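Each chain is listed here by its residues.
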Amino acid sequence: MNEEKKRRVFSAILAGLIMFTTILVAILVYQLAGILIRKNKIEKLDAEITALRQEISQTEGEIEDWSKEWKIIERARELGLYFENEED
């Protein structure tokens, strides 16, 4: 091979490597961005799950209170409802 042909082959190989590296870096950046976005979504969902679990534990106590007979009768009287054997 003469010197000119070697330079052209070297330039072509170098250009190919630069393009390959650029594409590879672009793919890497895209994948990292996707990972970070998914990680943020997971963190938000974890926070929401924690908040919902706390809300569930708080409402369980309220459900127990409202399930008691005296609480139901009290609320009925607040609404103006009475049993047949009761007077105003």
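Up top is the structure these notes are about.
In this text, all values refer to a predicted model and were calculated from it rather than measured experimentally.

Trainee: How should I be thinking about the overall build of the chain in this particular structure?
Mentor: Of the regular secondary structure elements, the chain holds two helices and zero strands. The globule rule puts the C-alpha radius of gyration for 88 residues at 12 Å, and the 36 Å found for the chain is more than 25% above it. Based on the C-alpha atoms only, the size of the chain along its principal axes is roughly 115 × 20 × 10 Å. Taken across its 88 residues, the chain has 3% of its residues classed as buried. As displayed, the chain offers around 8,600 Å² of accessible surface, 61% of which is attributable to carbon and sulfur atoms. Of note, the chain has its 13 positive side-chain charges centred 28 Å away from the centre of its 17 negative side-chain charges.

Trainee: Quick question: what am I supposed to make of the pattern of salt bridges here?
Mentor: Any two side chains of opposite charge can pair if their charged atoms end up close together. Throughout the structure, instances matching the rule amount to one salt bridge. Between Arg 75 and Glu 78 there is a salt bridge whose closest N-O contact spans 3.1 Å. Here Arg 75 and its partner Glu 78 are both found in helix α2 (residues 69-78), three residues apart, which amounts to about one turn of the helix. The partly exposed category is assigned to Arg 75, whose relative accessible area is 36%.

Trainee: Would you mind going over a nonpolar patch on the surface with me for this structure?
Mentor: Taken together, the side chains of Met 1, Val 9, Ile 13 and Leu 17 make up a nonpolar region of the molecular surface, amounting to roughly 410 Å² of accessible area. As for its placement among the helices and strands, Val 9 is situated in helix α1 (residues 3-67).

Trainee: Hey, could you run me through the packing of α1 against α2 in this one?
Mentor: Geometrically, a packed helix pair is captured by the angle between its two axes and the distance between the axes. Two elements in contact, α1 and α2, have axes whose closest approach is 5 Å; the angle formed by their N-to-C orientations is 75°. Viewed along their axes, α1 and α2 adopt a mutual orientation that is roughly perpendicular. Taking contact as the criterion, the partners of Asp 65, Trp 66 and Ser 67 in α1 are, on α2, Glu 69, Lys 71, Ile 72 and Arg 75. Grouping the constituent residues of the contact of α1 with α2 by class yields two nonpolar, one polar and four charged.

Trainee: What is the right way to read the environment of Phe 20 from this model?
Mentor: Within the secondary structure, Phe 20 is located in helix α1. Separated by 41 residues in sequence, Phe 20 and Gly 61 have C-alpha atoms that sit 62 Å apart.

The rules behind the values
- Residues numbered from 1 in each chain as written.
- Predicted model: local features only at pLDDT ≥ 70, side-chain atom pairs only at ≥ 80, totals over all residues.
- Heavy atoms only, no water.
- Helix = DSSP H or I, 4+ residues; strand = E, 2+ residues; numbered from the N terminus.
- Rg over C-alpha atoms; globule rule 2.2 N^0.38 Å.
- Buried < 20%, exposed > 50% of the residue type's maximum accessible area, 1.4 Å probe, protein only.
- Areas by Shrake-Rupley, 256 points an atom, 1.4 Å probe, with all protein chains shown as cover.
- Lys, Arg positive; Asp, Glu negative; His and termini not counted.
- Charge placed at Lys NZ, Arg CZ, Asp CG, Glu CD.
- Salt bridge = Lys/Arg side-chain N within 4 Å of Asp/Glu carboxyl O.
- Patch = residues over 30% accessible without salt bridge, like charges linked within 9 Å, V, L, I, M, F, W, Y side chains within 5 Å.
- Axes fitted to C-alpha atoms, helices over the stretch in contact; angles between N-to-C directions.
- Parallel < 35°, antiparallel > 145°, perpendicular 65-115°, else oblique.
- Contact = heavy atoms within 4.5 Å.
- Nonpolar A, V, L, I, M, F, W, Y, C, P; charged D, E, K, R; others polar.

It is worth stressing that arrangement in space is one thing and function is another; only the former is reported here.
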